[in-house]
Amino acid sequence: MKYTTLPNTNTRVSKICLGSMTWGNQNTELEGHAQLDYAFDQGVNFIDTAELYPVPATAETSGRTSKIIGTWIKKSGKRDKVVIASKIAGSGDYTAHIRTTGFRGNSIKEAIDVELERLQTDYIDLYQLHWPERDTNRFGVRDYKFDSKWEDNFNEILHSLDREIQAGRIRNVGISNENSWGTMRYLEESKKDKLPRVSTIQNAYSMLSRTFETDLAEVSLRENVGLLAYSPMAFGVLSGKYITGKAGESTRLKLFPRFSRYSGEQSTEAAKRYLKIAEANDLSLAQMSLAFVNQQPFVTSNIIGATNLEQLKENIASIDVTLSDDVLAQINEVHQVIPNPAI
């Protein structure tokens, strides 16, 4: 395994982070524990969860994923050997079953109260805001529409997070599904009153969605805010199983067709071209896709997920794959012709 540190901290994390959003829905507690055991044995010490997981989010399942991690922590006794990241859900109809107050008032404190109980721990290493409260481009939305109703509360949020850090309940803070303006506003506000500085940003990044490179990559490198890349396999599209017809009925896109962000015509065409590159270079499309993310200079950790151990083994093994300049050039040639089909 390869390791780095969360920016502006002394927290050492594996370059591969174990994502968990299928646990409690597509995966049982036993299967989640098996994934945690295997990943830990391979040197993965970084685990990502969220209060709304598993996905799709429902009132009945909310928090199940973190409970599975919590029972593993209690059983394994490895709390001091792993770095746990979690998230407070953003506001909106999708999360109204969790709360309707967003990040305001006592929302952050109350969310951490419950999450600590689920995780069976007294601290969270990295606490993230799952998405902005304001209505802005996220989750593949292309066209910006100004949210005139939202009132700036960046300072209030950082003060709430600071209180939790001072209480020892969280150690570092991050953002997610954020853009350059929001990231810089958090950094600007952190300079006031010695407020917590954002360490990471968790955004979608893959060969089908490289918009992070347009301006957030510069923010990341110049301001030292590391990317935690999620959906590096584009909901499994970059495994090749959908375009080759090998996807089983229990795969995510078969079970939940609403998650169509990476399934459009242009995304499918791009994935087919990437598959040809992988095959021509004796690589699996999955490992080429993950290695591409691993090699980016702005990536702190690559969040991989799997619904079975065979997928997990292949995904973690991508850390040992280094793409040549020639392969990277071929990938970029496809990107020039079909840029960011999934945004």
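Bear in mind the structure is a predicted one, so any value in this text is a computation, not a measurement.

Comments concerning helix α3 (residues 107-119)
Inference 1: An ideal rise of 1.5 Å per residue puts 18 Å on 13 residues; α3 measures up with 18 Å between its terminal C-alpha atoms.
Inference 2: Here α3 has its buried residues at S107, I108, A111, I112, E115, L116, R118 and L119. End-on view of α3: buried residues confined to an arc of 155°, all on one side of the axis.
Inference 3: The secondary structure elements touched by the buried residues of α3 are α2 (64-76), β5 (83-88), β6 (124-129), α4 (154-166) and β7 (170-176).

Details of the environment of N203
Inference 1: Here N203 lies in strand β8 (residues 200-204).
Inference 2: Once the C-alpha coordinates of N203 and H335 are considered, the two residues, 132 residues apart in sequence, prove to be 19 Å apart.
Inference 3: Once residues lying within four places of it in the same chain are set aside, the contact partners of N203 are S176, N177, E178, F212, L216, L227, L228, A229 and Y230.
Inference 4: Within polar-contact distance, the side chain of N203 engages the backbone nitrogen of N177 at 2.8 Å.
Inference 5: At 2.9 Å, the side chain of N203 and the backbone oxygen of E178 are in polar contact.

Description of the packing of aromatic side chains
Inference 1: Taken as a whole and assessed by the stated rule, the structure comprises nine aromatic pairs.
Inference 2: With a centroid separation of 6.2 Å and an interplanar angle of 80°, the aromatic rings of W150 and W181 are classed as edge-to-face. Of this pair, W150 sits in the loop between β6 and α4 while W181 sits in helix α5 (residues 180-190); the two residues are 31 residues apart in sequence, bridging distant segments of the chain.
Inference 3: The class for W181 is partly exposed, based on a relative accessible area of 46%.
Inference 4: Taking the centre distance of 6.1 Å and the plane angle of 15° together, the rings of Y205 and F292 count as stacked. With Y205 in the loop between β8 and α6 (216-223) and F292 in helix α9 (residues 285-294), the pair connects residues that are 87 residues apart, well separated along the chain.
Inference 5: Judged by its relative accessible area of 0%, Y205 falls in the buried class.
Inference 6: F292 sits in the buried class, given a relative accessible area of 2%.
Inference 7: In textbook terms, an aromatic cluster arises when at least three aromatic residues are bridged by ring pairs, as seen for W150, F154, W181 and Y186.

Remarks on the packing of α9 against helix α10 (residues 309-317)
For any two helices packed against each other, the geometry is given by the interaxial angle and the distance between the axes.
Inference 1: It is at 8 Å that the axes of α9 and α10 come closest, and there the two elements cross at 45°. Viewed along their axes, α9 and α10 adopt a mutual orientation that is oblique. As for how α9 packs across α10, the hand of that crossing is right-handed. Of the residues in α10, those touching α9 at A286, Q287 and L290 are E314, N315 and A317.
Inference 2: Residues of the contact of α9 with α10, tallied by class, amount to three nonpolar, two polar and one charged.

Observations concerning α6
Inference 1: All buried positions along α6 are accounted for by L216, A217, V219 and S220. When α6 is viewed along its axis, its buried side chains cluster within an angular range of 165° and face the same direction.
Inference 2: At its buried positions, α6 is contacted by α5, β8 and β9 (226-230).
Inference 3: Residue N224 follows α6 closely and has a positive phi angle near 60°.

Points about the pairing of β8
Inference 1: Taken across its five residues, β8 has five buried, putting it largely inside the fold.
Inference 2: Where burial is concerned, the two faces of β8 agree: the one with T200, Q202 and A204 and the one with I201 and N203 are both buried.
Inference 3: At this point the chain moves from β7, through α5, to the parallel β8, and the crossover so formed is right-handed.
Inference 4: As paired elements, β8 and β9 share five bridges and run parallel to each other. The residue of β9 that forms the bridge with N203 is A229.
Inference 5: Between the parallel elements β8 and β9, the chain passes through α6 in a crossover that is right-handed.

Some points on the pairing of strand β10 (residues 299-304)
Inference 1: Along β10, six of the six residues are buried, which leaves the element largely enclosed by surrounding structure.
Inference 2: Pairing analysis gives three bridges linking strand β3 (residues 16-19) to β10, with the strands arranged parallel. Looking across to β10, one finds that L18 is bridged to I304.
Inference 3: Inspection of the sheet shows β9 paired to β10 by three bridges, in the parallel sense. Paired with L227 across the strands is V299, a residue of β10.

Digging into unusual backbone geometry
Inference 1: In this model, Y53 is joined to P54 through a cis peptide bond whose omega is 10°.
Inference 2: Along the polypeptide, P54 turns up in the loop between β4 (46-48) and α2.
Inference 3: The linkage connecting V55 with the following residue, P56, adopts the cis geometry, with an omega of 5°.
Inference 4: Mapped onto the elements of the fold, P56 is located in the loop between β4 and α2.
Inference 5: Positive phi outside glycine occurs at A234, with the angle close to 55°.
Inference 6: Following the sequence through the fold, A234 ends up in the loop between β9 and α7 (252-255).
Inference 7: The class for A234 is buried, based on a relative accessible area of 0%.

How each quantity is defined
Residue numbers run consecutively from 1 along every chain, following the written order of its sequence. Per-residue local features are limited, in this predicted model, to residues with pLDDT of at least 70; the limit for side-chain atom pairs, both in listing and counting, is 80 or more; totals at the level of whole chains, interfaces and linings are taken over all residues. As a rule here, side-chain values cover all heavy atoms of the structure and leave hydrogens and water aside. Counting from the N terminus, the helices are the DSSP runs of H or I reaching at least four residues and the strands are the DSSP runs of E reaching at least two. To estimate how far a helix should extend, the number of its residues minus one is multiplied by 1.5 Å. Remark: exposure states derive from per-residue accessible area (1.4 Å probe, protein chains only) relative to the maximum for the residue type, with buried under 20%, exposed over 50%, and partly exposed in between. What the arc describes is the spread of directions from the helix axis to the C-beta atoms. By definition, residues are in contact when any of their heavy atoms lie within 4.5 Å. Any pair of nitrogen or oxygen atoms within 3.5 Å is treated as a polar contact; in protein, a donor-acceptor pairing is required on top of that, and neighbouring residues in sequence qualify only through side-chain atoms on both sides. A pair of Phe, Tyr and Trp rings is counted when the ring centres sit within 6.5 Å of each other, with Trp represented by its six-membered ring. The angle between the planes then sorts it: under 30 degrees is stacked, over 60 is edge-to-face, the rest tilted. Helix axes use the C-alpha atoms of the stretch in contact, all axes being lines fitted to C-alpha atoms, and the angles between their N-to-C directions lie in the range 0 to 180 degrees. Here the word oblique covers every angle except those under 35 degrees (roughly parallel), over 145 (roughly antiparallel) and from 65 to 115 (roughly perpendicular). With the far helix as reference, a near helix turned anticlockwise by less than a right angle produces a left-handed crossing, and one turned clockwise produces a right-handed crossing. Residue type decides the class: Asp, Glu, Lys and Arg count as charged, Ala, Val, Leu, Ile, Met, Phe, Trp, Tyr, Cys and Pro as nonpolar, and the leftover types, Gly among them, as polar. The definition of a right-handed crossover adopted here requires that, viewed with the strands pointing away, the path from the first strand over the helix to the second runs clockwise. Two strands are counted as paired when DSSP detects at least two bridges linking them.

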